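Descriptive analysis of the structure
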Amino acid sequence: MSRLEAKKPPLFISEPLTGAAVSQSLSLLSGILKSSYGPAGRLKQLHNGVGGCVCTTSQSSALLGLLSVSQPVLRVLTASVRNHVARFSDCGLFTAILCCGFIENFRSLNVAPFTVIKISKHLLSLCMDHLKSEACGCRVPVDFSSVETLVCLVRSILTSKPACMLNKTEVDHLTSLVLKAFIFTVPCHGESNAVLGKCVIIPVKGRRVVDSTLLPGLLIETPELQLGKPLAVKRTGSNVIKIALFSVSMSGDGFNSEEGTIVVHHGVSLEVSELNQLLTVGKQLVKDEVGLVLCQKVMHPSLKQYLKENGVIAVDRAGLSLMEPVGRMTGSQPIASIHSLSPGCYGTLKDLCIQSFASKHFLHLIPKDTVICSLILCNRSETAWDELKRVCETAEHVLQLTVKEPLALLGGGCTETHLASYIRHKSSSLPASTFKDLDCSQTQYQLVADGFCRSLESVARSLNHDGEEILTDMVYGHCWFVPSGSPSVSKWSDVVSKCGCGMNGNTEDLSWRFLQGQSGSSVIQACPKEPSVKVADLLTLDCFAAKCSGLQVAVETANLILDLSYIIEDQN
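Computed from a predicted structure; not experimentally measured. (Residues numbered from 1 in each chain as written. Predicted model: local features only at pLDDT ≥ 70, side-chain atom pairs only at ≥ 80, totals over all residues. Heavy atoms only, no water.)

**Let's talk about the packing of aromatic side chains**
Following the criterion strictly, the structure yields four aromatic pairs and no others. Consider the rings of F435 and Y445, whose centres lie 5.5 Å apart with planes at 65°: the pair is edge-to-face. With F435 in helix α13 (residues 432–438) and Y445 in helix α14 (residues 442–461), this pair connects stretches of sequence that are ten residues apart. Joined through ring pairs, the aromatic side chains of F102, F106 and F452 make up one cluster. Its guanidinium or amino end placed over the ring of F357, R207 lies 5.5 Å from that ring's centre, counting from NZ or CZ. Taking NZ or CZ as reference, K547 lies 4.8 Å from the ring centre of F94, over its face. (Phe/Tyr/Trp six-rings, centres within 6.5 Å; stacked < 30°, edge-to-face > 60°. Helix = DSSP H or I, 4+ residues; strand = E, 2+ residues; numbered from the N terminus. Lys NZ or Arg CZ within 6 Å of the ring centre and 35° of its normal.)

Following this line, the structure appears as structure tokens:
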């Protein structure tokens, strides 16, 4: 009892946002995120300090998943952003940087947090109404009958992560593969309850990116199958291959002592009994004209030999990750017991063949209807491959989100600066009834609106990592980057050619100003209905659903943190 310590009382921290430790941690996190943002973002190398794998990345999912955050306020922020990324896969850094900007700008105002929260919610509603209106100048409709906009969307995602180390030829090649993979996953039959398929990524490291390829169906690595030997597989009378999918172990050691007690009669061998049951299953499979048996776990060698002798291909150790796509592609139901087989649990395949790639042998499952495909993804190093895999998965998810909501937003900082200009214009012409409803003065509203706009503009400024000047025009509210080393001139049209998203050129006097976060003249004109460049000229685009959600998450998370009065920490 002498070694027991008395319980310590909990630690109460009042007004946590006023503490120096929170301010320093928030500033540090914001700096890390901003320096990682965009195609020219700086890479971060994360490791645990005591060995283990090292991650080199600029992706929010990897950064926030591996960063050790001790401040409770920042844990709220990172958890919120990670939840957004889990749902949308994209715009994680945008959300996190914007949220940090809101907190930093709002807490410095001489306005009560409750009032700031009410005003920021109203500003968010103005932004969302504008983004969802037909008149919004930073919205781009996505036409699925043409690939130009989809190409822009995928290219923007692939080029946003420098750790992938892709050149233009590789970006073009991967863009084509990702789009083809997405098209494969779209069901051919237009049913009301149609579900998109899946692209399974097969890793091949140490090869050129342009060696990546796409195949319909699924590839399963099978070292025991050799290229060149004819693949004799049993077919049914209708010339299809019947497949059985087992999720249960078929190794013959099915009894687990932890599951209870079993009574065995004298002279009876459990191993022999189990093997006999497996061979009985094998005979049933042969009788039912099954041509391929796929087992998630281990299969007994005797059963594999028996099936092989009867023209049935047996593959074990397929793994859990393949169960869902195989079942989806073939219509087979995973069999969870070796004691009962139902004729309705089998699926069908159109064909089987062996594929060889980079000294690996794969069994290629070719379906009748292609909603599942395999992307053999190559990159020169493990670090670059890991980053590229995450980027390709993000691109696939963004395309799926775009099917639900066929819109995109202008990238390159232009949506952020356009929204800031719109809010400045809108907030300067609100009726007095708005301030009465919000229970605030016009001055308070303008202070919060200015902080809101400066936060949006800080995201655009985060795209600049080399000290270049950034401009915004007074007509469309787009973002313009002055090339490094350009001389100071009175006519900016001599040094800038296109805005950040690529939609507007310098063909007219747009009255540029420096983007330094200060208040400026309002934008009163929307983007032209007909852009000065064609979409085929490669606009920089962002996912509409992901960016809208990111904006909402950033505002709501910042409001939650601003509303914190106490942090209570258990000291025991």
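**Observations regarding the environment of H130**
One can find H130 in helix α5 (residues 113–131). As for H130 and L419, which are separated by 289 residues in sequence, their C-alpha atoms are 8.5 Å apart. In contact with H130, not counting residues within four places along its chain, are C136, G137, H418, L419 and Y422. (Contact = heavy atoms within 4.5 Å.)

**Examining the side chain of T115**
Mapped onto the elements, T115 comes out in helix α5. Leave out the neighbours within four places in its chain, and T115 touches C440 and Q444.

**Here's the deal with the nonpolar core**
Generally speaking, soluble globular proteins have nonpolar side chains that are buried together. Counting 120 residues, the largest nonpolar core has L77, L123, L131, Y445 and L551 as the members making the most contacts within it. Sequence-distant contacts of L551, that is, excluding residues within four places in its chain, are made with F94, L98, L124, C127, M128, L131, L419 and L456. Judged by nonpolar contacts, the second largest core, of 32 residues, contains V233, I354, F357 and I376. (Core = buried A, V, L, I, M, F, W, Y, C linked by side-chain atoms within 4.5 Å. Buried < 20%, exposed > 50% of the residue type's maximum accessible area, 1.4 Å probe, protein only.)

**Structural notes on the sheet that holds strand β14 (residues 372–379)**
The strand order across the open sheet built from three strands is β5-β14-β6, with neighbouring strands paired in mixed fashion. Each having just a single partner strand, β5 (198–205) and β6 (213–216) make up the two edges of the open sheet. Going across the sheet, the axis of each strand differs from the next one's by a mean of 20°, ignoring polarity. Examined bridge by bridge, β5 and β14 share eight bridges and lie parallel to one another. Bridged to V200 within β14 is S374. In this fold helix α7 (residues 168–185) packs onto β5, β6 and β14, with an angle of close to 10° to the strand it touches most, β6. (Pairing = 2+ DSSP bridges. Axes fitted to C-alpha atoms, helices over the stretch in contact; angles between N-to-C directions.)

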